[in-house]
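Tertiary structure, described
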Amino acid sequence: MFSNVNLYNSDILFYSFLLKQNATAKRLVYLQSDSIRITLKMGKEITNRSEDYSQWYIDLVKKADLAENSDVRGCMVIKPYGFSIWEKMQTALDKMFKDTGHTNAYFPLFIPKSFLAKEASHVDGFAKECAIVTHYRLKNSPDGNGVIVDPEAKLEEELIVRPTSETVIWNSYKKWIQSYRDLPILINQWCNVVRWEMRTRLFLRTAEFLWQEGHTAHSTADEAIKETRQMLDVYADFVENFMAVPVIKGKKSEGEKFPGAIDTYCIEALMQDGKALQAGTSHFLGQNFAKAFDVQFTNKEGKLELVWGTSWGVSTRLMGALIMAHSDDDGLILPPKLAPIHVVIVPIFKTDEELNKISAKVDVISASLRKLGYSVKFDNRDNYKPGFKFAEHEMRGVPVRIAIGPRDLENGTVEVARRDTKEKQVMKMDDVVTEIPKLLDAIQGNIYQKALKFRNDNLRKIDSYDEFKKALDETPGFILAHWDGTKETEAAIKEETKATIRCIPLDAPEENGKCIYSGKPSNRRVLFARAY
RNA sequence: CGGGGUGUAGCGUAGCCCGGUAUCGCGCUUGGUUUGGGACCAAGAGAUCGUCAGUUCGAAUCUGGCCACCCCGACCA
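Residues numbered from 1 in each chain as written. Chains lettered and ligands numbered in written order. Predicted model: local features only at pLDDT ≥ 70, side-chain atom pairs only at ≥ 80, totals over all residues. Heavy atoms only, no water.

Looking only at helices and strands, chain A features 17 helices and 27 strands. Each principal axis of the C-alpha distribution contributes one length, and for chain A these read about 80 × 60 × 60 Å. The proportion of buried residues among the 532 residues of chain A is 51%. Here chain A has roughly 25,400 Å² of accessible surface; of this, 51% comes from carbon and sulfur atoms. Measuring between centres, the 74 positive side-chain charges of chain A sit 2 Å from its 74 negative side-chain charges. (Helix = DSSP H or I, 4+ residues; strand = E, 2+ residues; numbered from the N terminus. Buried < 20%, exposed > 50% of the residue type's maximum accessible area, 1.4 Å probe, protein only. Areas by Shrake-Rupley, 256 points an atom, 1.4 Å probe, with all protein chains shown as cover. Lys, Arg positive; Asp, Glu negative; His and termini not counted. Charge placed at Lys NZ, Arg CZ, Asp CG, Glu CD.)

Dropping the structure here:
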């Protein structure tokens, strides 16, 4: 987007001149030339969504200071601001896990190659994207330049950097479980995993990512299935109520399910560009891993039985969902429940004396808001103008901004602006403590409602393959359509349209119809979309 | 792993065709004026031109190898 600047060099001079004149001229510039807009004076502008959605996403992640590309291919550096959002997610989820009886533990990063091989479909699923440790020592290079891998230090058995931990964990469960009295085991771990992806995108798909993985063991299939469904509900609850992103709960088709699972359940969210994003998964593993690792228990009748398992996870990919679901062309929009900073206060002052007077008022306001549990930042930097600060905090998605200047001191007021709608209001200083909490709640509700409306407006029932293809290209979104249930049809549709079956929605009503592809009978609709 | 592209200051780039150690903007530092929607002026600091080799009196520029990254496909949460 910067490369075309030189073509317009003279235009830039002209527009720069206009910019100095007045704000109307500035708006004119925006209307006349999007490509120039960016380069004029601001280091903070991002590409418009309508222009290039994926570039908008990349710009936003970088300009909102969430993350950046690392020098290690496919990996990212999560910056402090981005990481504090992730920490908020962790805190909320961790509490929900604890409240449902789970405890945290930690299993090793390295998995012996032989473990991974024990469950056949599991190997198939991950073999192509594993990082492998083959040596344990370096030595000085004989030519004197740097270090080389010491060929003498080859590992007896190579180690896989975990792409997921089912195998190490079930290897431990074998040692822990003898009797029905040892069950259930309800464990979660927060960790990093590595999947050597060919193509990566910040947060959405990186070679290394952070996540949580729950692994539970049960004495009956029924109990394991209940656990699987319960955790799916926990995820849906979190994503909708904290992230303010509506989701559709469903079951994966055979073709899309987790390698090693009997059933995979998921929550699917719709992004602003009409593409679906899987936001969380929960697997009923049946006895597959118990079989592979020979994990048996003695039941009440004294008979040996294989243990039933589940696993479930959400990752830093949720950050991508959060960003893409709500944000606009001015930057990030964060739900107050996950915002690292709820309220930023910007002073408007000319002299130190003015700043001191304002600071005294700000201290009172922020103390009272903090007492209510809100995080408040007083942006009293003296090297930036208020306008710059406004734009910067909008870019970073701070839900509420309060501005206080000399005029406010006189009138006993403040100016309050909300990020989601950009509305401003003048408020009595005394009302701040009662009004700001209401406003934050309103923002949380509003962005959810907005996302829900978008999702519903872009959820279509379609009954013919022609319409299906047309909709994918012209009005991308979720499509509910009949499917004959075969993997051949699923694969053919994927091949021809790039749309996949996101899930078979749990609340899908029985409904007789014909498969849009084969014309064969179907008794319920499934959810299709192009996906991240 | 196929197809295309790019590597020059923290970031974005000019220069390369036609060899003589480097342009501009943003950012940074200092000083001053500013501050209710992305300030301005002045002075400064900052680059072994991805890497290795070759040609040459002399290489960012020409030649060859290597490396890295980006985009498009196949694969994937």
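Looking at the secondary structure, you find Ile365 in helix H12 (residues 352–371). Look at Ile365 and you get buried, because its relative accessible area is 5%. Put simply, Ile365 and Ile345 are 20 residues apart on the chain and 9.5 Å apart in space, counted from C-alpha to C-alpha. Not counting residues up to four positions away in its chain, the partners in contact with Ile365 are Ile345, Ile404, Val414, Met429 and Val432. (Contact = heavy atoms within 4.5 Å.)

In the vicinity of RNA strand B, 40 residues are found, and the nearest of them are Arg199, Arg205, Arg317, Arg407 and Asp408. Near the protein, within 4 Å, the atoms of RNA strand B are sugar or phosphate in 43% of cases. Interatomic distance of 3.1 Å between a backbone N/O atom of Lys350 and a base oxygen of RNA strand B. Arg407 places a polar main-chain atom, nitrogen or oxygen, 2.5 Å from a base oxygen of RNA strand B. When contributions to the surface near RNA strand B are tallied by element, the ones reaching two or more residues are helix H13 (386–395), strand E19 (400–404) and helix H14 (406–411). Considering every element that reaches the surface near RNA strand B, the biggest residue donor is H13, with seven residues. (Near = heavy atom within 4 Å. Polar contact = N/O pair within 3.5 Å; in protein donor to acceptor, adjacent residues only side chain to side chain.)

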